[in-house]
Amino acid sequence: MTTYAALLRGINVGGAKKLPMADLRALLTGLGHTGVQTYLQSGQAVFGAEQGDEASLAAQLSRAIEERFGFPVDVLVREHAYLKAVAEACPFPAADLAPKQLHVTYFSAPVTAERYAGIDRSAHLPEEFRLGDRCLYLYAPDGLGRSKLAEALARTRPTKGLIATSRNWNTVVKLVELTAPPA
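Below: a short report on this structure. (Residues numbered from 1 in each chain as written. Predicted model: local features only at pLDDT ≥ 70, side-chain atom pairs only at ≥ 80, totals over all residues. Heavy atoms only, no water.)

1. Here's the deal with the pattern of salt bridges
For side chains of opposite charge, pairing can occur when their charged atoms come near one another. Defined as follows: The salt bridge definition used is simple: a Lys or Arg side-chain nitrogen within 4 Å of an Asp or Glu carboxyl oxygen. Numbering of helices and strands starts at the N terminus; helices are DSSP runs of H or I of at least 4 residues and strands are runs of E of at least 2. Residue exposure (1.4 Å probe, protein chains only): buried if accessible area is under 20% of the type maximum, exposed if over 50%, otherwise partly exposed.
For the coordinates displayed, the defined rule picks out seven salt bridges. Across the pair E88 and K84 runs a salt bridge whose closest N-O atoms are separated by 4.0 Å. Of this pair, E88 and K84 are both found in helix α3 (residues 80-88), four residues apart, which corresponds to roughly one turn of the helix. Between E177 and K174 there is a salt bridge, with its nearest N and O atoms 3.0 Å apart. Here the residue E177 and the residue K174 both occupy positions in helix α6 (residues 169-179), the gap between them amounting to three residues, near one helical turn. According to the relative accessible area criterion, K174 is partly exposed, its value standing at 25%. Each member of the salt-bridge network shares a partner with another, and the members are E54, R78, D133 and R134.

The following block contains the structure:
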């Protein structure tokens, strides 16, 4: 049995794509997953699965959501070891920062610096970003809502062809905790 986190993109934001967490838990349970939990209303679920891999589980959940709720939702599924490695590899001093200042964008595939070559990093200082394993770390000292760098990073060209979904540092850490094997 492997424990995974499902990261749903763009649900319960601004009145669009409403997906109650109780319904998401029921859907995951109906798909045969165990230990199903959700975290917040913004699209995180944790579940156990005996079969499948990250890509097949994400595709299964995405199809099930569209069939049940009538709208498409991009889904990434990541296992504990990956989530833990992302948190541990953070290039910014996470312990010294407010959680609203640090975000991780998870991608469906590896990303290279060439995707972001058109972004003038110096124009956005003190905001910074660094690439990781299928992720991007963003330091936004005034928070994501005021970040000009976040806007530049989210433009269609750098993320074209990828599923990309961001989480603040509190959520990154909580997902590591929720997917950890029992002690």
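2. Notes on the packing of helix α1 (residues 21-30) against helix α2 (residues 54-69)
Helix packing for two helices is described by the angle between their axes and how far apart those axes are. Worth spelling out the cut-off: Whenever a helix is involved, its axis is fitted only over the stretch in contact; in every case the axis is a line through C-alpha atoms, and angles between N-to-C directions fall within 0 to 180 degrees. Note on terminology: angles under 35 degrees are roughly parallel, angles over 145 are roughly antiparallel, angles of 65 to 115 are roughly perpendicular, and the others are oblique. Crossings are assigned a handedness: left-handed for a near helix turned anticlockwise from the far helix by less than a right angle, right-handed for a clockwise turn. Whether two residues touch is decided by their heavy atoms; if any such pair falls within 4.5 Å, the residues are in contact. When residues are grouped by polarity, Ala, Val, Leu, Ile, Met, Phe, Trp, Tyr, Cys and Pro land in nonpolar, Asp, Glu, Lys and Arg in charged, and all others, Gly among them, in polar.
Following both chains from N to C, one finds α1 and α2 inclined at 120°, their axes separated by 11 Å at the closest point. One finds that α1 runs oblique with respect to α2. Of the two possible hands of crossing, α1 and α2 adopt the one that is right-handed. The residues of α2 that touch α1, namely those facing D23, L24, L27 and L28, are L61, A64, I65, R68 and F69. Looking at the contact of α1 with α2 residue by residue, the class counts come to seven nonpolar, no polar and two charged.

3. Remarks on the sheet that holds strand β5 (residues 102-107)
How we decide: At least two DSSP bridges between two strands are required for those strands to pair.
Pairing within the open sheet is antiparallel, and its four strands lie in the order β6-β7-β5-β8. A single partner strand is all that each edge strand has here, and the edge strands are β6 (128-132) and β8 (164-168). Ignoring which end each strand starts from, the neighbouring axes of this sheet average 20° apart. Strand direction decides the pairing type here: β5 and β8, joined by five bridges, are antiparallel.

4. Thoughts on the side chain of T105
Rules: Whenever a nitrogen or oxygen atom comes within 3.5 Å of another N or O atom, the pair is scored as a polar contact, on the condition that within protein one atom can donate a hydrogen and the other can accept it, and that pairs from neighbouring residues in sequence are kept only if both atoms are in side chains.
Mapped onto the elements, T105 comes out in strand β5. For T105, a relative accessible area of 15% gives the class buried. Polar contacts involving the side chain of T105 include one to the side chain of S166, which spans 2.5 Å.

5. Quick word on unusual backbone geometry
The omega torsion of the bond from L125 to P126 falls at 15°, within 30 degrees of zero and hence cis. Turning to its location among the elements, P126 is positioned in the loop between β5 and β6. In this model, R134 sits at a positive phi of 55°, which is unusual for a non-glycine residue. One can find R134 in the loop between β6 and β7 (135-139). Judged by relative accessible area, R134 falls into the buried class, the value being 18%.

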